[in-house]
Amino acid sequence: MTSSWEQFEELIKAEMRKVYSETAIDHSMNPRNVGDMKDADGFAKVTGPCGDTMEIWLKVKNGTVANATFMTDGCGTSIAAGSIVTELAKGKSISEARRINQQDVLSALGGLPEESEHCALLAANTLRGAIRDYLAMKKEPWKRAYRKH
Ligand code: FES
């Protein structure tokens, strides 16, 4: 027998399915790679035009993204975008990962409503920022001492 909470949850999901793909709902409700990272090799914090912020941390081994995590104070769609962009980045070489763009995030999420597409842009921009940070730190490692994250 299903509880009234489960019924309520199913009702909400049914409403969400009218607008979002199954993948977007899944990554929004069960986000992967959430949290900050100690001793990250790359980090970025970006605030989008909507005022929401995303942070991404990267661990890089042998030129490959070994791990990626994110945090956001944004909407459910930005949670889904942060979750999928970190999944897309993991296991990719730095040069492959830096090419991940808004369209890649949207495709991986099975699309988003037009008014939410900027959430995918925020995720892609934050990933790129974290990669830029990694590359800058690699060039000038002494700057790490001045970094807050
Ligand atoms: Fe701002 Fe989604 S509404 S990131």
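Procedures and definitions
- Residues numbered from 1 in each chain as written.
- Predicted model: local features only at pLDDT ≥ 70, side-chain atom pairs only at ≥ 80, totals over all residues.
- Heavy atoms only, no water.
- Helix = DSSP H or I, 4+ residues; strand = E, 2+ residues; numbered from the N terminus.
- Expected span 1.5 Å × (residues − 1).
- Buried < 20%, exposed > 50% of the residue type's maximum accessible area, 1.4 Å probe, protein only.
- Contact = heavy atoms within 4.5 Å.
- Axes fitted to C-alpha atoms, helices over the stretch in contact; angles between N-to-C directions.
- Parallel < 35°, antiparallel > 145°, perpendicular 65-115°, else oblique.
- Left-handed = near helix turned anticlockwise from the far one by under 90°.
- Pairing = 2+ DSSP bridges.
- Core = buried A, V, L, I, M, F, W, Y, C linked by side-chain atoms within 4.5 Å.
- Salt bridge = Lys/Arg side-chain N within 4 Å of Asp/Glu carboxyl O.

Undergrad: How would you explain helix α3 (residues 76–89) if you had to name every residue and give the values?
TA: With 14 residues, α3 extends 20 Å between its outermost C-alpha atoms, agreeing within 8% with the 20 Å of an ideal straight helix rising 1.5 Å per residue. Counting buried residues in α3 gives ten out of 14 residues, a clear majority hidden from the surface. By the burial criterion, the buried members of α3 are T77, S78, A80, A81, G82, S83, I84, V85, T86 and A89. Elements that come into contact with the buried residues of α3 comprise α2 (22–29), β2 (53–61), β3 (64–72), α5 (102–108) and α6 (117–139).

Undergrad: Any details on the packing of α3 against α6? Residues and values, ideally.
TA: Contact pair α3 / α6: the axes reach a minimum separation of 8 Å and the direction vectors enclose 40°. Classified by the interaxial angle, the pair formed by α3 and α6 is oblique. Along this stretch, α3 crosses α6, giving a crossing that reads as right-handed. In contact with T77, S78, A81, G82, V85 and A89 of α3, α6 contributes C119, A120, A123, A124 and L127.

Undergrad: Run through the sheet that holds strand β1 (residues 42–47), naming residues and quoting values.
TA: In spatial order, the strands read β1-β2-β3; together these three strands make up an open sheet with antiparallel pairing. Each having just a single partner strand, β1 and β3 make up the two edges of the open sheet. The sheet shows a mean angle of 15° between the axes of neighbouring strands, taken without regard to direction. Here β1 runs beside β2; their pairing, made up of six bridges, is antiparallel. Within the sheet, the bridge partner assigned to G42 lies in β2 and is L58.

Undergrad: Residue-level account of the nonpolar core, with values.
TA: Formed by 29 residues in total, the largest nonpolar core has its most connected members in I56, L58, V65, V85, V105, L109 and L127. Breaking this core down by element, the ones donating at least two residues are β2, β3, α3, α4 (94–97), α5 and α6. Here this core gets eight residues from one element, more than from any other, and that element is α6. Contacts of I56, omitting those with residues within four sequence positions, involve G42, F43, A44, T69, F70, V85, A123, T126, L127 and A130.

Undergrad: How would you summarise the pattern of salt bridges if you had to cite specific residues and measurements?
TA: The final tally for this structure, using the stated rule, is six salt bridges. The partner of E87 in a salt bridge is K90, and the shortest N-O contact between them spans 3.6 Å.

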